[in-house]
Amino acid sequence: MFAHNLEDSNIRRTPQAQPTFNGIRRYNRCQMTLDVVVQDQDGWEIPLESVDISPTGIFVRSNFLFEVGEVHTLIFEVQGKGLFRVQGRVARVEEPDAQADYAGLGGLGAMSASMTPGMGYEFIETHEKTWQDLCAVVAGV
């Protein structure tokens, strides 16, 4: 019943392209440079710049890095969409010093070496209207 001629199969046995993690995302993201103010729970504000954004998060360029799991308020304005004030949790940290260690490895190491130092935030406690506005921003609407 399950016998199948492998020569007739369209299944590839070896990858044709080097794998990357950019395609493994639940939601699209777009390259977008925005001024982002990161505000901690004590009220300290740090002005940073975004690299990209999605409806579920934002990556900000920074040599000053917080710890994964820390929660901050992210404030940024998108032309034509208004001011956003969103709670975000640090989900990923790209350290500038660690990138140099991977540069000569090729493959995924080369991909890591090209990444910008900074932090990936996942948005939490997003209201429905904010979610829809962020989807429109990413879609370019």
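In what follows, the structure referred to is the one given above.
Below you will find a few notes about this structure. (Residues numbered from 1 in each chain as written. Predicted model: local features only at pLDDT ≥ 70, side-chain atom pairs only at ≥ 80, totals over all residues. Heavy atoms only, no water.)

**A short note on the overall build of the protein chain**
Of regular secondary structure, the protein chain possesses 3 helices and 7 strands. For the protein chain, the N- to C-terminal ordering of α and β elements is β-β-β-β-β-β-α-α-β-α. Within the span of the protein chain, comprising 141 residues, buried residues form 33% of the whole. The contacts in the protein chain between residues at least 6 apart in sequence include a share of 58% that link residues at least 24 apart. (Helix = DSSP H or I, 4+ residues; strand = E, 2+ residues; numbered from the N terminus. Buried < 20%, exposed > 50% of the residue type's maximum accessible area, 1.4 Å probe, protein only. Contact = heavy atoms within 4.5 Å.)

**With respect to unusual backbone geometry**
Where the residue is not glycine, phi is negative for most of them; where a peptide bond is considered, it is trans in most cases. We note that Glu125 has phi near 55 degrees; this positive angle belongs to a residue other than glycine. Structurally, Glu125 can be placed in the loop between strand S7 (118–124) and helix H3 (128–139). By relative accessible area, Glu125 is classed as exposed at 66%.

**Focus on the packing of aromatic side chains**
Counting across every chain of the model gives 3 aromatic pairs. For the ring pair Phe76 and Phe84, a centre distance of 5.3 Å and an interplane angle of 15 degrees mean the geometry is stacked. By the burial criterion, Phe76 is buried, and Phe84 matches it. A relative accessible area of 1% places Phe76 in the buried class. Here the aromatic cluster, defined as three or more aromatic residues joined through ring pairs, consists of Phe76, Phe84 and Phe123. (Phe/Tyr/Trp six-rings, centres within 6.5 Å; stacked < 30°, edge-to-face > 60°.)

**Quick look at the pattern of salt bridges**
For the coordinates displayed, the defined rule picks out 4 salt bridges. Of the charged contacts, one joins Arg61 and Glu49 as a salt bridge, the two residues approaching to 3.4 Å between their closest N and O atoms. Of this pair, Arg61 sits in strand S4 (residues 57–61) while Glu49 sits in strand S3 (residues 45–54), placing them 12 residues apart in sequence. Residue Arg61 is classed as partly exposed on the basis of its relative accessible area of 35%. With a closest N to O distance of 2.9 Å, Lys129 and Asp133 form a salt bridge. In this pair, Lys129 and Asp133 both sit in helix H3, 4 residues apart, roughly one turn of the helix. (Salt bridge = Lys/Arg side-chain N within 4 Å of Asp/Glu carboxyl O.)

All we've got here are geometric facts, nothing functional implied.
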